[in-house]
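Observations on the model geometry
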Amino acid sequence: MSNLANKNILLCVTGGIAAYKAAELVRLFKTANAFVRVLMTQGAQEFITPLTMQALSGDKVHTDLLNTEAEAAMGHIELAKWSDLIVVAPCSANSLSKLAEGRGDDLFSAVCLASESDLFVAPAMNQAMWKDMRTQKNLKRIIKFGAKIIGPASGEQACGDIGEGRMTEPKEIFSEIENEIECGLLAGRKVLITAGPTQEMIDPVRFISNKSSGKMGFSLAEEIKNQGAIVTLISGPVNLDTPDKVKRFDVQSAKEMQSKVEELIEDCDIFISAAAVADFKPKKYEQKKIKKGSEVHQMKIELDKNFDILKTVTDKKLNLKTVGFAAETEDLINNAEKKLVEKNLDLIVANDVSDQSIGFDSDENEVTLITKLEKKKIKKTSKKNVSKKIIEFIAQKVIND
Ligand SMILES: Cc1cc2nc3c(=O)[nH]c(=O)nc-3n(C[C@H](O)[C@H](O)[C@H](O)COP(=O)(O)O)c2cc1C
């Protein structure tokens, strides 16, 4: 799958005859699972309508700088920050000169000036305009500032001239950008992660649960997404924000988590079970709140073994890699190794939860990664760093085994 997946691409269309070809670029980026927003100069809008670009990108087209409504919704700075990369295609001679001069007198030039992301420029103009010393000087300047130039191509031009200046074809622009963008460790993989605790209801107001905060699973989801994967997160009840560009489904009980996993697992490459699924659930759910009563001094709740979500997934023998977590308070490695074999996992992350400074609800963790062939300890560090190390291990040892 494309390493443009999950990238925020701002496509800037400027006023040239090749503006209509930008429509094809939007389609290509979207097919690669990138998030696309379109910015059009006033000139560009004379060649192709914002409506067309809006329909293709599925998002409002950005056109104005000095517009209170636009600035309130997504101002030029926000748009600049949102972009992982900016693609200017076609780039007119006029817009090229604005980039070279560092102007900021319209939305296009202001956003480009305010952005620190990668800038790809596909010039398109008449061959004489292209050859002109001033254009060439502008070109050199923007290359010096870090812009990557794509094209232009040679051939017959719309005006009848023959020479260099035609915009490179969208497919080629797309491939050049795709080749330039650094490929994440999990680029294009589809990953399903469960996180947080489950709650097993006793009666309408009481439940059995555990201390899981979901922090480890959410951190993994965020880091895996940063490595180019398409991430879906199924979360038990937690108090955490959804990482950007991660699709999240909330569930409460193990049963709900299990059915959501079954629904979403089919086309995944990797399943990571980071949720602390309650091992037991009440045998019977009381429809009405259980009354305390003055004569009641003791209360017994019968428990049944809960759904084993991970085992259900591995038993299906789907063509995917499975990663489990073992939260233990004693005999950590032995118990984790047993779980690895019993559940037929590719990797188990063993986690000592007897130490309050790591594991559940803490911001730090210390884990041991165990496969059938090796063990690797990750010393106490932030959950973000632990996530990064787990992902490196998955990329090197689990996917490529
Ligand atoms: C029919 C027509 C076609 C044009 N094609 C181009 C072109 O391909 N490249 C270019 O640099 N300018 C072209 N121009 C000139 C630009 O549209 C003009 O310089 C405009 O101010 C560019 O504005 P912008 O860079 O803000 O989009 C063309 C003008 C017209 C009338």
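Computed from a predicted model, the values in this text were never measured in an experiment. (Residues numbered from 1 in each chain as written. Predicted model: local features only at pLDDT ≥ 70, side-chain atom pairs only at ≥ 80, totals over all residues. Heavy atoms only, no water.)

**A closer look at the sheet that holds strand β18 (residues 364-370)**
Spatially, the eight strands line up as an open sheet ordered β12-β11-β8-β13-β16-β17-β18-β19, and their pairing is mixed. The strands lining the two open edges of the sheet, one partner per strand, are β12 (247-250) and β19 (375-382). Ignoring which end each strand starts from, the neighbouring axes of this sheet average 15° apart. Two strands pair when backbone bridges link them, and strand β8 (residues 190-195) and strand β13 (residues 270-273) are joined in this way by four bridges, in the parallel orientation. Paired with V191 across the two strands is I270, which belongs to β13. Across the sheet, helix α13 (residues 332-342) lies against β16 (321-328), β17 (347-352), β18 and β19, angled at about 150° from β17, the strand it touches most. Set on the sheet, helix α14 (residues 383-398) makes contact with β13, β16, β17, β18 and β19; between it and β19 the angle comes to about 155°. (Pairing = 2+ DSSP bridges. Helix = DSSP H or I, 4+ residues; strand = E, 2+ residues; numbered from the N terminus. Axes fitted to C-alpha atoms, helices over the stretch in contact; angles between N-to-C directions. Contact = heavy atoms within 4.5 Å.)

**Considering the site of the ligand**
Lining the immediate surroundings of the ligand are 14 residues, of which G15, T41, S92, A93 and S95 lie closest. Taking G15, its main chain carries an N or O atom lying 2.6 Å from an oxygen atom of the ligand. With respect to the ligand, the side chain of S92 contributes an N or O atom lying 2.5 Å from an oxygen atom. Protein chains bury 61% of the 640 Å² of accessible surface belonging to the ligand in isolation. In terms of residue count, helix α5 (residues 93-101) provides more of the shell around the ligand than any other element does, three residues in total. (Near = heavy atom within 4 Å. Polar contact = N/O pair within 3.5 Å; in protein donor to acceptor, adjacent residues only side chain to side chain. Areas by Shrake-Rupley, 256 points an atom, 1.4 Å probe, with all protein chains shown as cover.)

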